[in-house]
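# Descriptive analysis of the structure
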Amino acid sequence: MTVDLNKLHAVGAIAEEAEGKWGMVIDMDLCTGCQACVAACAMENNIPYVEEVDAGYGRSMHWIRTERFWEGEYPEVKMSAYQPMLCQQCGKAPCEPVCPAFATVHSQAEQINLQVYNRCVGTRYCANNCPYQVRSFNWRDYQDSRVRPEITILANQFNPDVTVRRRGVMEKCTFCIQRIHKAQDKAKSEGREVEDGEFTTACAQACPANAITFGRIDHPESLVAQLARSPRAEHHLEELGTLPRVTYLKEG
Amino acid sequence: MIKRFFVWAISPMGRIAVVIAGMFVFSLAAFGIYQTQQNPNPQPIQFPHNLHVGLGIQCLYCHPGASKGPSAGLPTISKCWGCHQQIAKTQTSPKLKPMLDAMNNGTNFVWAPVAKVPEFVHFNHRPHIAAGLNCENCHGDMTKVTIAENPQVMNMGWCLNCHRERAGDDEAKLIKLTDCGTCHY
Amino acid sequence: MSKQISRRDFLKLATAGAATTAVLTGCGPTSRFVSREPYLKMPEYTYNGMSTYYATTCRECAAACGLVVRTMQGRAIKVEGNANNPVNLGKTCARGQATLQGLYNPDRVENPVKQARGAQLSQETLDWNAAIQIVSDALKNTKPSEIAFLMGMAPDHLFDLVSDLAKAIGAPAPIRFGALGMFEARATLSKAAEDLFGKASMPFFDLENADVVISFGSNFLETWLSPVALTRGFAKMRRGNPERRGYFVQFEARMSQTASKADEWIPLRPGTESLVALALGRLIAEAKGGSLPPAFASVDPLTAAADAGVQLEVLERLAQALVKANRPLVIPGGAALGQSNGLAVAESVLALNALLGNFGLPGGVFISPLAPAQDAYHRPASAKEMTDFIAKMKNGGVKVLFVHGVNPVFELPKHLGFAEALAAVPQVISFATFPDETALASDYIFPDHHGLESWGYQRAVVSAKPVLSGAQPVVTPYFNTRATADVFLAAAALAGGKFAEALPFADEVAFIQSKLTQLVGEEGFFTAPEINSFTAYFQQYGGWWTSDPALATPSAANAIAKRFTPAAAEFAGEGEFFFLPFVSPTLGEAGANKPWLQELADPTTTVMWNTWVEMNPVTAHELGIENDDIVEIVSEAGSVEAPVYLYPAIRPDVIAMPFGQGHTAYGRFASGRGANPADVLGSHFNEAGDLAFAGMKVAVKKTGKTKVLSRLESRIGVYGEGLEKE
C-alpha cells in the first residue's frame, strides 16, 4: 500500500520526485580520507568541537565524515574506499515527515533539506530516522562563552553568515546554503544567472584531490551533472527510495 | 453560575483547562514583564536624524552598505568629521562635544542597534533595495525622529506579509520569498 | 475555592509558566544587548557586512601553500586556497583550514614575558623596548661564536634575515630543524641526490604524470614534504588520464593512510625495503635483457623476497607491471628512510628509477629547481647535526640561544637530551607564538605574530615551477606581539656598529623588499618594472613564480653504476616488536593545540583527541590485550604508555604509534593529552645523519589499566556499553 503523504497534511515534507536542483558528486577513487573537507566544513559552518568525552559518546558534530570499512583479515585485509558521508539532501527525505515541529522541511526554492534552528525543539526524531546518520545534535551549549571560556576568543573566527546553534538543536549539512544565497544574490545584482563553478561548497573548495564537485544537477551541461552520468556512479542506500542528491563514483 | 464553574473546575477536564488558562495568564504576565525589563542599551548621543535628513542628506550617504550587501553599516566618526569640520558650531556646541571629544581622542561611538533581527535570521538589505523598497518603508520616517526608532515589531509575520504581498500571483517568486531557507540557515 | 493549591501544584504551575515564557519570548535575550562599534576609520574598499580577501602563505608546515583568507570587519573568518599558487592551486589541507584556531587560540603568548624557565607561562610582562634591549645586549655582549640561532622550517624570510645577521657578525650559521623534516628524512633524500647526481638537492617525483607508481613507505598523502601538492598529483595520476587509471602499489609494514589508497598494499618486514627495491631492479633488468647493471648484480631476488616476507611471484608481477608501464615511477620516503640503511633505500630506489629510464621524462624523476631568490638548496639539520649541537650546548659552547618556530624539547627524542642541554645555556630567548615546551624552558619569550598576522615569504619544496610564496598580515595583531624580524632589526640598530651595518633596514617589509629586488623585471606569473609595483603584485597574488617548469634532469649513469651491498636494516633494542612511529596525518607536528584538529578523526583508525598504539588483533589476542587496554612500550631509550587500537592492517610483528600528542605544555587542548612516541626513540642514525626513528625494537607490557579511545567509527558507549569493563 502506498500512502500519499500529502494527504496526511505533510505538505512540504516530501515535495518532489524530480532530479533536484543542487547536487554533488564525490569520487571515492580520489578521496584520500585526508579530512580537509571536515576541517573546512567546521570552519565555514561554525561547527562546535565536543571534546574527548562527548566524542567518545558519539556526539561529535561533523557534518561530513569519511567512512571506511574493513574486509578480511591480515594479510588478506582490504580497506574500502573512503566514503565522505554527509547529508544526502534526499528528494524524499526520511527525516522530514517525522519532525513534529516542522523544523526539518524541504526547501521548494532550493530543493534541499532545511534545518530551521529556531523551530527545532530537539526531539531528535529526524536523526533516528536518517539512514545515513548524518545529523548531529547539540547536547550542550558548546559555543557559549559562559560554558566554555575559550569561545570568547575562538568566536572571532565564526562565520557571520551562519547561525551559531545553541543547546538542544539538531543540525546537519546545508550544502553551504549561505554560499548559494551569496552567489545568487551576486548574480542577481549583476543581472545574470549563477554560472557553473562560480562558487562551491566549503568541502569541495578545500578538497586537495578534487574528489568533490558541486553544482546544478538539473543543468545537463554542468560539470556535476556530467560526472553524475558516469558509469561508476552510484547512490548510497538508493533502495530506500530516498532520492539522494549526492552521487558517489566507485573505484575501478 | 459561579457554582457551576467550580463544579466543572474540579472535574478532571476542568482542572486541566484551569491549569492551561493559568499558565496562559502567567506567561502573558511574565512576557509583559520581560518586555519592560529589556531596555536596549542607551544610545551614546541623541543623534538628530530629523535634522540631518532635513538638510537633504541621503540615507545612503551614511549607510552606504544598504545598496551593496547585507548590512547598511554605521558611519565612522571620520565620516561625521568630513562635514562637521566645516561647521563652526562644531567647536562650540555642547551637544556636539561628544563627537569633538571622540575625534580628538580617537575613540568611537558604540551604538545600540535599533532595527535588529535574531541571530538565526539572515537579513540582506541589497535585494530589498533592489526590489524598489525605500528605507522609510521599514525604518519609518526619519524626518520625525531624533534617535532612530523602530516603527514596527520586526517579526516573521511582518516579513512574510510583505513577502506574500510582493509576490502576488507569481508562483515561483512566492516559493522563493516564503521558503524557510531564504532567511534561516 | 474549597480546594487549596498545594505547594507541589504551585511549583508545577510555576515551572510550566516559566517554560511557556521561554518559548513565547524566544530562546534568550542575547540579541537584545548587541552593541555595534563601527570602524574608527573604515578602509575605503570595505563595506560593513562584506568580506575582504587577502592572499598570504600557510605556516602550518613549510610546504608554502598559498592561502586566500576571507576577513570581515578586521577578523579572519575562513581560509581558502590561493588558486594561482602552483603549489596548491586553490586547495588546502585540514591543518591549513584550522590555522584560524591558532590565530584565535585561547593559549597564546600575549605579551613579552620574563619566563625565567618556569613550569607555567610567566605573568611577568615586559614592554617591547625592554625586550629589544635584552636582545640587543645579548647580541652585543656575547662572543659571536657563542651565539646560536635555532630556527623552524618556516618562514624563510626570517631565516634569511638571521643568516645575514649571523654571517655579518661572525656567528655560526643558524640551524634549521623541524619534526616534519626529521620524519621526512630530508637529509637522506638530499644526500642520496648528492651521491648519485653530484649535487645536494631535493629530488622531484613527477607523480601526476606517472601511470604505475610504487612507493616504499612514502606517506605522501599525509605529511610528506608537500601533502597538498602530492595529493593533487595523486589525483591526476589516478584519474587524470581518461584512457587509463593510474596504478599504485605501496610497500609498508602498516597500512598507512597513503597505503590505504593503494591498489595493492604489500606489508614487508621493516628494514628490507632496499632489498626489495634492488630485487625488483634485478627482475626488471632480466626482463629487459642485456647486461645486468652493477647496481642490481649482487642481489638475489629469492632471498630478498624471503627476507621481506613477500612472495617472489608478487615481485615478478610488479616487475612486469613496471616494464609494461608507459610512465613508471618509484618513490622512497617515510619510515623506509628512517632506518639504519635509509640512505641505501633512497639510493636503490633512485637506481631503480634510473633503470626504468624515467629520469627527466614526464612521470619520472627530476631535480627540484631552486626557488626564486635562493642561492643554493639548504636542507634542514639532520638529527645527527642536532645531536652535535646538543653536545655543543652541554659543553658550554653556546652562551645565548635564540629559538624561533621550532619546539625541539617536544620534537626531538627525549633520549638526545635537548632539555638538559638547554639548561646548560646561560641565556635562552624564545620567539614562540604559543607557550610550547621549549618556550617555557626559556629565560624570555618575545612572542612573534601568528602566521596570518605576519609579513614574509616561503620557498616551495615540491614544485615544478620555482615558487616564492608571499605572506602578508590579513588582520592586525590580536595581542601585544611583534614580528621577530622587527625585533632583530631594532636590536641590531640599537647595538650599532657591525650589527646595524648588517641589517640596515627600517623594518621587516624593507628587508623583504631588499630580497625581492632581484626578481624585478624577471619573466614570471607577473612582471613588474620596479620594486614598488612588484611588491604590490606580490601581495595581491600571494607570491611570485615562473610561468614554466624549471626541472633539471639528473644523470642516470651514476645511479645504475653504483654497487650496492644488499643488506637489511639493523634494529636497536631487544624487544619483539618493530616500532613504527608516524606523524599524525591530521595533527602534523604542531596541530595539537587546535581543538578542531583534535576533533578530526584519524583517517585510518578514526580515533580523536588521543594517542593510540596500533597492534595486529592476532598478536594482541595472543598477549591477552584488547582494544583500549593501556600498554607500556619499552625500548632501550625509554618507555611510553598509550591505549591499544586493534588495527587489522599491520604486520603482527610491528606496532605503530602516531606522533603529535603527548605535550606537557602548549595550551589547554594539547597539554597532558596522549603520549609522545619520541620518548622511546634512541640515538641511532642512518648514513645521512637522519634519525633512524623506525629502527627500534621494543617490548610491549600490559599495565592493567584501560582508557577508552574516542573514535568516530563506532557509536559504542552511547548507551553505556563498552565504557566500563567488568
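Residues numbered from 1 in each chain as written. Chains lettered and ligands numbered in written order. Predicted model: local features only at pLDDT ≥ 70, side-chain atom pairs only at ≥ 80, totals over all residues. Heavy atoms only, no water.

### A few points about the overall build of chain B
Quick reminder of the rule: For helices the rule is a DSSP run of H or I covering at least 4 residues; for strands it is a run of E covering at least 2, with both sets numbered from the N terminus onward. The atom set for the radius of gyration is the C-alpha atoms, and the globule formula is 2.2 Å times the number of residues raised to the power 0.38. Here the term buried applies to any residue with accessible area under 20% of the maximum for its type, exposed to any over 50%, and partly exposed to those in between, with areas from a 1.4 Å probe on protein chains only. Residues are treated as being in contact if the distance between any of their heavy atoms lies within 4.5 Å.
Within chain B, the regular secondary structure consists of 12 helices and 0 strands. Its C-alpha atoms give chain B a radius of gyration of 24 Å, more than 25% over the compact-globule value 16 Å for 185 residues. Overall, the C-alpha framework of chain B stretches about 80 × 45 × 30 Å when taken along its three principal axes. A total of 185 residues make up chain B; the buried ones form 26% of that total. By sequence separation, contacts in chain B at least 24 residues apart represent 53% of the contacts at least 6 residues apart.

### Some remarks on the packing of aromatic side chains
All names here are of chain C. Definition in use: Between rings of Phe, Tyr and Trp, where Trp is taken as its six-membered ring, a pair exists when centres lie within 6.5 Å; planes separated by under 30 degrees are stacked, by over 60 edge-to-face, and by other angles tilted.
Enumeration over the complete set of coordinates arrives at 42 aromatic pairs over all chains. With centroids separated by 5.6 Å and ring planes inclined at 90°, the aromatic side chains of F197 and F359 adopt a geometry described as edge-to-face. Of this pair, F197 sits in helix 7 (residues 186-197) while F359 sits in the loop between helix 13 (342-356) and strand 12 (365-367); the two residues are 162 residues apart in sequence, bridging distant segments of the chain. A single burial state applies to F197 and to F359, both of which are buried. Grouping aromatic residues by their ring pairs yields a cluster made of W128, F149, F402, F431, Y444, F446 and F488.

### A short note on the pairing of strand 11 (residues 328-332) of chain C
Residues and elements named next belong to chain C. Put simply, the rule is: For two strands to be treated as a pair, DSSP must find no fewer than two bridges joining them.
In terms of burial, strand 11 is largely enclosed, as 5 of its 5 residues are buried. Neither face of strand 11 is left uncovered, since the one carrying P328, V330 and P332 and the one carrying L329 and I331 both have all their residues buried. Looking at chain direction, strand 8 (residues 212-216) and strand 11 are connected through 5 bridges and run parallel. Across the sheet, residue I214 finds its bridge partner in strand 11, namely V330.

### A closer look at the packing of helix 10 (residues 273-288) of chain C against helix 12 (residues 312-324) of chain C
All names here are of chain C. To keep things clear, this is the line we draw: With axes taken as lines fitted to C-alpha atoms, and helix axes fitted only over the stretch in contact, angles between N-to-C directions fall between 0 and 180 degrees. Reported orientations rely on four angle classes, namely roughly parallel under 35 degrees, roughly antiparallel over 145, roughly perpendicular from 65 to 115, and oblique for the rest. Two helices crossing with the near one rotated counterclockwise from the far one by less than a right angle form a left-handed crossing, whereas a clockwise rotation gives a right-handed crossing. Polar here means any residue other than Ala, Val, Leu, Ile, Met, Phe, Trp, Tyr, Cys and Pro, which are nonpolar, and Asp, Glu, Lys and Arg, which are charged; Gly is therefore polar.
Running from N to C, helix 10 and helix 12 point in directions that differ by 60°, and their axes come no closer than 9 Å. Looking at the two axes, helix 10 sits oblique to helix 12. Handedness of the helix 10/helix 12 crossing: right-handed. Contacts from V276, A279, L280, L283, I284 and A287 of helix 10 reach helix 12 at L315, E316, L318, A319, Q320, L322 and V323. The residue makeup of the contact of helix 10 with helix 12, split by class, is 11 nonpolar, 1 polar and 1 charged.

### Here's the deal with the domain arrangement of chain C
All names here are of chain C. As a reminder, the rule being used: Each domain's extent was defined by an automatic or database domain assignment. As a working definition, buried area equals the accessible area (1.4 Å probe) given up by two parts on being put together, with both sides summed. A pair is scored as a salt bridge if a Lys or Arg side-chain nitrogen falls within 4 Å of a carboxyl oxygen belonging to Asp or Glu. Definition of a polar contact: a pair of N or O atoms within 3.5 Å, with one able to donate and the other able to accept a hydrogen when the atoms are protein atoms, and with sequence-neighbouring residues admitted only if both atoms are side-chain atoms.
Each assigned domain of chain C is listed here: domain 1 (182-367) and domain 2 (577-711). Taken residue by residue, the interface counts 30 residues in domain 1 and 28 residues in domain 2. Both sides together, the interface formed by domain 1 and domain 2 hides about 2400 Å², and carbon and sulfur atoms give 67% of it. Ranking the residues of domain 1 by area buried against domain 2 places M182, F183 and R254 at the top, with a combined share of 30%. The tally of links from domain 1 across to domain 2 stands at 1 salt bridge. For R254, the salt bridge identified is with E614, shortest N-O distance 2.4 Å. There are 10 residue pairs in polar contact (both at pLDDT 80 or more) connecting domain 1 and domain 2. Broken down by secondary-structure element, the contributors of at least two residues to the side of domain 1 that touches domain 2 are helix 6 (179-184), helix 7 and helix 13. Here the side of domain 1 that touches domain 2 takes 4 residues from helix 7, the largest share from any one element.

### Some thoughts on a nonpolar patch on the surface
All names here are of chain B. Selection criterion: Like charges within 9 Å and nonpolar side chains (Val, Leu, Ile, Met, Phe, Trp, Tyr) within 5 Å are joined into patches, using only residues over 30% in relative accessible area that form no salt bridge. The Shrake-Rupley method, run with a 1.4 Å probe sphere, supplies the accessible areas, and residue values consider only the shown protein chains as cover.
Taken together, the side chains of M1, I2, F5, F6, W8 and V18 define a hydrophobic patch exposed on the protein surface, amounting to about 670 Å² of accessible area. Here the nonpolar patch gets 4 residues from one element, more than from any other, and that element is helix 1 (residues 2-10). The exposed category is assigned to I2, whose relative accessible area is 62%.

### Looking at unusual backbone geometry
Cis geometry is adopted by the peptide bond preceding P75 of chain A, which originates at Y74 of chain A and carries an omega value of 0°. By secondary structure assignment, the location of P75 of chain A is in the loop between strand 3 (70-71) and strand 4 (78-79). Residue A154 of chain C is joined to P155 of chain C through a cis peptide bond whose omega torsion reads 0°. Position of P155 of chain C among the secondary structure elements: in the loop between strand 5 (147-151) and helix 5 (156-169). Unusually for a residue other than glycine, N46 of chain A sits at a positive phi of about 50°. Positionally, N46 of chain A belongs in the loop between helix 1 (36-44) and helix 2 (51-56). Phi angles above zero are rare outside glycine, and E51 of chain A is one such case at about 70°.

### Notes on helix 18 (residues 484-495) of chain C
Residue and element names in this part refer to chain C. Selection criterion: Given a helix with a known number of residues, its expected span is that number minus one, times 1.5 Å.
Compared with the 16 Å implied by 1.5 Å per residue over 12 residues, the 16 Å span of helix 18 between its first and last C-alpha is a close match. Taken together, the buried residues of helix 18 touch helix 4 (128-140), strand 5, helix 5, strand 13 (400-404), helix 19 (497-502) and helix 20 (508-516). Just past helix 18, the residue G496 takes up positive phi, approximately 70°.

### A closer look at the side chain of H450 of chain C
Residue and element names in this part refer to chain C. By secondary structure assignment, the location of H450 is in the loop between strand 15 (444-445) and strand 16 (456-459). A distance of 3.4 Å separates a polar atom in the side chain of H450 from the backbone oxygen of T99. A polar contact is formed between the side chain of H450 and the backbone nitrogen of L103, at a distance of 3.4 Å. Ignoring anything within four residues of it in the chain, the contact list for H450 reads E60, T99, G102, L103, R108, T433 and F434.

### Things to note about the layout of surface pockets
Gaps left between atoms are located by rolling a probe of water-molecule size over the structure's atoms. Residues and elements named next belong to chain C. Put simply, the rule is: Lining residues are defined by having an atom within 4 Å of a point belonging to a cavity or pocket. Those points lie on a 1 Å grid over the protein atoms alone, cavities being sets where a 1.4 Å probe fits but cannot get out and pockets being open sets with protein on both sides within 12 Å along at least five of seven lines. Grid points are joined across faces, edges and corners, and a volume is the space filled by probe spheres set on the points.
Reported here for the second largest pocket is a volume of approximately 840 Å³. Considering the residues around the second largest pocket, the lining is formed by 36 residues, among which Q374, D375, A376, Y377 and H378 are closest to the centre. Sorting elements by how many residues they give to the lining of the second largest pocket places helix 5 first, with 6 residues. Per-class residue counts for the lining of the second largest pocket are 19 nonpolar, 7 polar and 10 charged.

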